[in-house]
Amino acid sequence: MNTSYLPSDFLPIVVQFVLAAAFIVGTMIVTHNIGPSRKNKQKDDPFECGIEVVGNARTPISVKYFLVAILFVLFDVEVIFMYPWAVNFKKLGMLGFIEMVLFMALLLAGFFYIIRKGVLKWEE
């Protein structure tokens with residue numbers, strides 16, 4: 001088995017990379033040159049969900065919003081760890097079951113802590 005590689009062995013990869021980059025750059029140049037360029041006020045206005053833009057985009061947002069979003073991501077990611085456990089449930093045996101019970105207990109303790117602190121209460 002040949003374990004020493006020469007630079008010429010990587011030539012097909014380099015050629016493919018160069019061709020892909022050339023295709024991307026070429027496509028961008030061609031579409032920029034042949035595409036229509038019609039600028040007007042209505043086209044340049046930001047458009048989101050059919051709602052007219054009103055006010056400043058820099059208005060302050062409540063920290064509660066970000067806290068709830070972070071908590072959602074945190075608990076969502078923790079639940080993802082349960083999927084591999086469920087797939088390998090029989091192989092892990094009693095030790096795996098005890099570890100998951102401990103994991104769930106810590107997860108629920110954290111959940112009850114944030115409920116007790118009133119983090120999820122939304123007051124305007």
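All residue numbers refer to position in the chain's written sequence, counted from 1. Confidence filtering applies because this is a predicted model: local features only for residues at pLDDT of at least 70, side-chain atom pairs given and counted only at 80 or more, and all residues used for totals across whole chains, interfaces and linings. Values shown for side chains rest on all heavy atoms present in the structure; no hydrogens or waters enter the calculation.

Per an unreviewed UniProt entry, the protein chain is named NADH-quinone oxidoreductase subunit A, and its organism is Salmonirosea aquatica. Quoted verbatim from the Catalytic activity (unreviewed entry) heading of the UniProt record, the comment on the protein chain is "a quinone + NADH + 5 H(+)(in) = a quinol + NAD(+) + 4 H(+)(out)". UniProt positions are given in the numbering used here, feature names are shortened, and annotations may be inferred rather than shown by experiment. The protein chain has a UniProt comment under Sequence similarities (unreviewed entry) that states "Belongs to the complex I subunit 3 family."

Draft legend 1. Layout of the packing of helix α3 (residues 63–80) against helix α5 (residues 89–117). Axis geometry follows a simple rule: fit a line to the C-alpha atoms, using only the stretch in contact for helices, then measure angles between N-to-C directions, giving values from 0 to 180 degrees. Secondary structure elements follow DSSP: runs of H or I no shorter than four residues count as helices, runs of E no shorter than two count as strands, and numbering proceeds from the N terminus. With their axes 11 Å apart at the nearest point, α3 and α5 run at an angle of 165° to one another. Of the possible angle classes, the one that applies to α3 and α5 is roughly antiparallel. Note that α3 runs across α5; the crossing there is left-handed. The segment α3 lies against α5, with Leu 71, Phe 75 and Glu 78 engaging Phe 103, Leu 107, Gly 110, Phe 111 and Ile 114. The class makeup of the residues in the contact of α3 with α5 is six nonpolar, one polar and one charged. An angle below 35 degrees is treated as roughly parallel, one above 145 as roughly antiparallel, one from 65 to 115 as roughly perpendicular, and anything else as oblique. By definition, any crossing whose near helix is turned counterclockwise from its far helix by less than a right angle is left-handed, and any crossing with a clockwise turn is right-handed. Residues count as neighbours in contact if any of their non-hydrogen atoms are within 4.5 Å of one another. Each residue is assigned to one class: nonpolar for Ala, Val, Leu, Ile, Met, Phe, Trp, Tyr, Cys and Pro, charged for Asp, Glu, Lys and Arg, and polar for all the others, Gly among them.

Draft legend 2. A look at α5. For α5, built from 29 residues, the straight-helix expectation of 42 Å at 1.5 Å per residue is missed by more than 12%, its first-to-last C-alpha distance being only 34 Å. The largest bend along α5 measures about 75° and falls at Leu 95. Taken residue by residue, α5 has Gly 96, Met 100, Leu 107 and Ile 114 as its buried positions. Directly beyond the C-terminal end of α5, a positive phi value near 80° is found at Gly 118. A helix is expected to span 1.5 Å multiplied by its residue count minus one. Note that the bend at a residue is defined as the angle between axes fitted to the seven residues ending at it and the seven residues starting at it. Each residue is placed in one exposure class: buried if its accessible area under a 1.4 Å probe, protein chains only, is under 20% of its type's maximum, exposed if it is over 50%, and partly exposed if it falls in between.

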